[in-house]
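Geometric and topological summary
In case you want the letters, here they are:
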Amino acid sequence: CRCLRPPKPLYTLTDADKALVTDVTQVVIDVGVRNAVADPQPPASQPATRAAPAVPTAPAAKETAVGGRKMPSLSSAQLATMSVELLLQTVMQPERMEHAESVELCFKQLRVLCRDDWTCDQCDRLGANDQIIRLMRLHLGSESVLTQACAVLINLCAGDSYERRDRAQLGGAPDVILKAMEAHPNSAILQEMSFVAMQNISFGSDPNGGARKSAALNAGALPVIVASMNRHARVESLVDQGSSTLRLLIGKSKDHRSAALAAGAQPEWLKTNSFMSSRGFGMMSRRKSKTG
């Protein structure tokens, strides 16, 4: 009888992958080509009897052109082996931070890592909030980068840490989130993720909770949120999240309520007994307040 062979692994890191994980800035150089000495040419009076031997070359690493330079591309498998510190260092390399695809991949992995408080605290100590906001401003034209950035902010600002919420607000997160919404008004997924990110940043009855809500309101949140909800009125989940965001920011203020209605909000969106976001607010369980 024949023995069953064990299944092949889905992915095995090659030597090139391991080198890339160790130093993501390293560009593979073909030393053989660089150091090769050309065979001496035969005299002009004598015909060449054989072709010059081909110079052996090492397999080239997959590269991406960024700003006129070439650097190794990143893969999800490579990013999965990185620590939080190395991941943040990677995405903030001057050449790589301009490459939208690399930034998006790094944000996806960072979102996964920030499912627990310990990693969120580590990211906070390393200045992740400021880096994310900076990259969002740099890539306002990329819907996918902005969507993943909002997902990271949702996880960073979930749970019981008001300090992380404060740093996101002070770093300018409400403003850049609204700019992202205005830059891509037709993207329902980005609009909805923006709502949840704004909820998580603004939530809280702590001493700074009012300042976080005011920062979003002063940045022009009400008309942007209302415009998004009217544009995507048939997307139930988006309207639910938008309603939760409006009620959170408005609170008991009659002036803010009037401003929302004047901007085109439907009265039912502002009812306090309406649907409350199950993902956004920090008072919810960690499982519900995080993105996958």
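The name an unreviewed UniProt entry gives the chain is Armadillo repeat-containing protein 8, with Prymnesium polylepis as the organism.

Some thoughts on the overall build of the chain
In terms of regular secondary structure, the chain is built from 16 helices and 2 strands. Once local pairs closer than 6 in sequence are excluded, the contacts in the chain between residues at least 24 apart make up 71%. By element, 55% of the accessible surface of the chain is carried by carbon and sulfur atoms, the whole surface being about 15,800 Å².

Looking at the nonpolar core
Counting residues in hydrophobic clusters, the biggest one holds 63 residues, and the most contacted among them are Ile132, Met136, Ile177, Met198 and Leu246. Examining the composition of this core, we find that 9 residues originate from one element, helix H8 (residues 143-156), more than from any other. If we skip the residues at most four places from it in the chain, Ile177 touches Met136, Leu153, Ser194, Ala197, Met198 and Ile201.

Focus: the packing of helix H4 (residues 84-91) against helix H5 (residues 100-113)
Direction vectors running N to C along H4 and H5 enclose 160°, while the axes themselves pass 10 Å from each other. With respect to their mutual orientation, H4 and H5 come out roughly antiparallel. Considering only the axes of H4 and H5, their crossing is left-handed. On the side of H4, the interface is formed by Val84, Leu87, Leu88, Thr90 and Val91, while H5 contributes Val103, Cys106, Gln109, Leu110 and Leu113. Partitioned by chemical class, the residues of the contact of H4 with H5 number 8 nonpolar, 2 polar and no charged.

Remarks on the pattern of salt bridges
Under the defined criterion, the tally for this structure stands at 8 salt bridges. The shortest N-O distance in the salt bridge between Arg164 and Asp121 comes to 2.5 Å. With Arg164 in helix H9 (residues 162-170) and Asp121 in helix H6 (residues 117-125), this pair connects stretches of sequence that are 43 residues apart. The exposure class of Asp121 is partly exposed, given its relative accessible area of 32%. Linking Arg212 and Asp206 is a salt bridge whose minimum nitrogen-to-oxygen distance equals 2.7 Å.

A short note on the packing of helix H13 (residues 221-231) against helix H14 (residues 236-250)
Closest axis-to-axis distance for the H13/H14 pair is 10 Å, and the angle between their directions is 160°. Considering their axes alone, H13 and H14 lie roughly antiparallel with respect to each other. By crossing handedness, the relation of H13 to H14 is classed as left-handed. Counted together, Ala221, Leu222, Ile225, Val226, Ser228 and Met229 of H13 and Leu238, Val239, Gly242, Ser243, Thr245, Leu246, Leu249 and Ile250 of H14 form the full contact between these two elements. Of the residues belonging to the contact of H13 with H14, the class tally is 10 nonpolar, 4 polar and no charged.

A word on H13
Among all positions of H13, only Ala221, Leu222, Val224, Ile225, Val226, Ser228 and Met229 are buried. In the core, the buried residues of H13 are packed alongside helix H10 (173-183), helix H11 (188-202), helix H12 (209-218), H14 and helix H15 (254-262).

Parameters at a glance
Residues numbered from 1 in each chain as written. Predicted model: local features only at pLDDT ≥ 70, side-chain atom pairs only at ≥ 80, totals over all residues. Heavy atoms only, no water. Helix = DSSP H or I, 4+ residues; strand = E, 2+ residues; numbered from the N terminus. Contact = heavy atoms within 4.5 Å. Areas by Shrake-Rupley, 256 points an atom, 1.4 Å probe, with all protein chains shown as cover. Core = buried A, V, L, I, M, F, W, Y, C linked by side-chain atoms within 4.5 Å. Buried < 20%, exposed > 50% of the residue type's maximum accessible area, 1.4 Å probe, protein only. Axes fitted to C-alpha atoms, helices over the stretch in contact; angles between N-to-C directions. Parallel < 35°, antiparallel > 145°, perpendicular 65-115°, else oblique. Left-handed = near helix turned anticlockwise from the far one by under 90°. Nonpolar A, V, L, I, M, F, W, Y, C, P; charged D, E, K, R; others polar. Salt bridge = Lys/Arg side-chain N within 4 Å of Asp/Glu carboxyl O.

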